[in-house]
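Observations on the three-dimensional arrangement
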Amino acid sequence: MIAAVAIFSVMDTTMKLLAAHYPAMQVTVLRSFSSLPLVCVWVAYRGKFNTMLKVNWGLQLLRGALGIGMLTLFAYALKSLPLAETYAVFFIAPALITALSVIVLKERVDGMQWLAIVVGLVGVLVVLRPDGTSFISVAGLAVLGSATCYAVSAIASRILSRTDSNEQIMFWILIMMGCGALPLAWSGWVPLRLADWPLLAVLAVSGFLGQLAITRAFSMGKASVVAPFEYSALAWGVAIDWALWNTLPDRWTIVGAAIIIGSGVYLARREAVHAEAEHP
């Protein structure tokens, strides 16, 4: 998971660099199609191409639509927000997943977990500025929307994993995001600059390797143990912001991120306790 987070930080950096020159929807198309050849080679190596059509099409289409929303909103936010601040708001996703699991999956969530979810939302408000000078910016709302799409997609993935393999899930999410976003991006398509092809290569490799690493992480360990390591993304975000753009998070971002991360870690550990109690 630590490796996955580091690789995805590289991917997000390339998306931020590309978002400075291309529309957010086009960045979604580039993200999807750039990694697709590598995923096809991997699926072929695993000998799984003959199973690609035997999937839950309803949930696959839903995840494709959610993926378009998640990546496009995230790319839009990256145009104006530093990586660290973007990650800090996005960290609300685990709390949203816990809340949605009650509604959709009928999982049990106790009062302390609901309190942790509320605390996490308070942390988001802190990151988005409590002093009123830049309260709830459009970019901040875009990250929040992206995290919501990710949370709903995660719930859909939990259900989808009961019937579809990892190879099917990885293959079709890229196909559907790319094919779904391309018509929406076509009218405002900006020709690719020659100087950006190395960035596209990095985007392709990092997107593919990051997905492999995170899939492997969740297949090897309990989600409640593995998931908190996602918060190491904040350290990568701060380091990359400082190295490339000479910016550091302000005190509100740090305070808000600490609240959100604390809430997320508590939820993960609480879930582990419940799981052990149900399956000693």
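Per-chain numbering applies: the sequence of each chain, read as written, is numbered from 1 onward. In keeping with the model being predicted, local features are shown solely for residues with a pLDDT of at least 70 and side-chain atom pairs are shown and tallied solely at 80 or more, while totals for entire chains, interfaces and linings include all residues. To get the side-chain values, take all heavy atoms of the structure and skip hydrogens and water.

Further remarks concern the nonpolar core. Met15 and Phe91 are the most contacted members of the largest nonpolar core, which has 78 residues in total. Helix and strand assignments follow DSSP, with helices taken as H or I runs no shorter than four residues and strands as E runs no shorter than two, numbered in order from the N terminus. Looking at this core, the element that brings in the most residues is helix α8 (residues 166-186), giving 10 residues. What makes two residues a contact is simply this: any of their non-hydrogen atoms within 4.5 Å. When neighbours within four sequence positions are excluded, Phe91 is seen to be in contact with Glu230, Tyr231, Ala233, Leu234, Ile260 and Ile261. Throughout this description, the term nonpolar core refers to a set of buried Ala, Val, Leu, Ile, Met, Phe, Trp, Tyr and Cys residues connected via side-chain atoms within 4.5 Å. Classification of residues uses two cut-offs on accessible area relative to the type maximum, computed with a 1.4 Å probe and protein chains only: under 20% is buried, over 50% is exposed, and between them is partly exposed.

Let us now look at the state of the cysteines. Criterion for a disulfide: a pair of cysteine sulfur atoms at a distance within 2.5 Å. Enumeration according to the criterion identifies zero disulfides in this entry. Here Cys179 stays unpaired: no disulfide links it, and the sulfur of Cys40, its closest cysteine neighbor, is 11 Å away.

Before going further, it helps to examine the environment of Ile68. Secondary-structure assignment places Ile68 in helix α3 (residues 57-78). The class of Ile68 is buried, set by a relative accessible area of 12%. Counting along the chain gives 113 residues from Ile68 to Ala181, while the straight-line C-alpha distance between them is 6.4 Å. With sequence-adjacent residues up to four places away left out, Ile68 is seen in contact with Met25, Thr28, Met176, Met177, Gly180 and Ala181.

Exposure above 30% relative accessible area and the lack of any salt bridge qualify a residue for a patch; like charges then connect within 9 Å, and the nonpolar side chains Val, Leu, Ile, Met, Phe, Trp and Tyr within 5 Å. Only the protein chains shown count as cover for residues, and the accessible areas themselves come from Shrake-Rupley with a 1.4 Å probe. The rule for a salt bridge is simple: a side-chain nitrogen of Lys or Arg has to be within 4 Å of a carboxyl oxygen of Asp or Glu. Taken together, Leu38, Val205 and Leu209 make up a surface patch of nonpolar side chains, about 210 Å² in accessible area. Locating Leu38 in the fold gives a position in helix α2 (residues 24-45). Judged by relative accessible area, which is 31%, Leu38 ranks as partly exposed.

The next point concerns the packing of aromatic side chains. Two rings belonging to Phe, Tyr or Trp (six-membered ring only in the last case) form a pair when the distance between their centres is within 6.5 Å. Interplanar angles under 30 degrees mark stacking, angles over 60 mark edge-to-face geometry, and anything in between is tilted. Across all of its chains, the model carries seven aromatic pairs by this definition. For the ring pair Phe91 and Tyr231, a centre distance of 4.9 Å and an interplane angle of 90° mean the geometry is edge-to-face. Of this pair, Phe91 sits in the loop between α4 (83-90) and α5 (93-104) while Tyr231 sits in the loop between α10 (223-226) and α11 (233-245), placing them 140 residues apart in sequence. Of the two residues, Phe91 and Tyr231, both sit in the buried class. The structure contains a cluster of three or more aromatic residues connected by ring pairs, namely Phe49, Trp57, Phe171 and Trp172.

Within the fold, Ala233 resides in helix α11. As a C-alpha pair, Ala233 and Leu83 span 150 residues in sequence and 9.2 Å in three-dimensional space. Not counting the four nearest positions on each side in its chain, Ala233 is found in contact with Val5, Ser9, Tyr87 and Phe91.

Any link to function would need more than the numbers given here.
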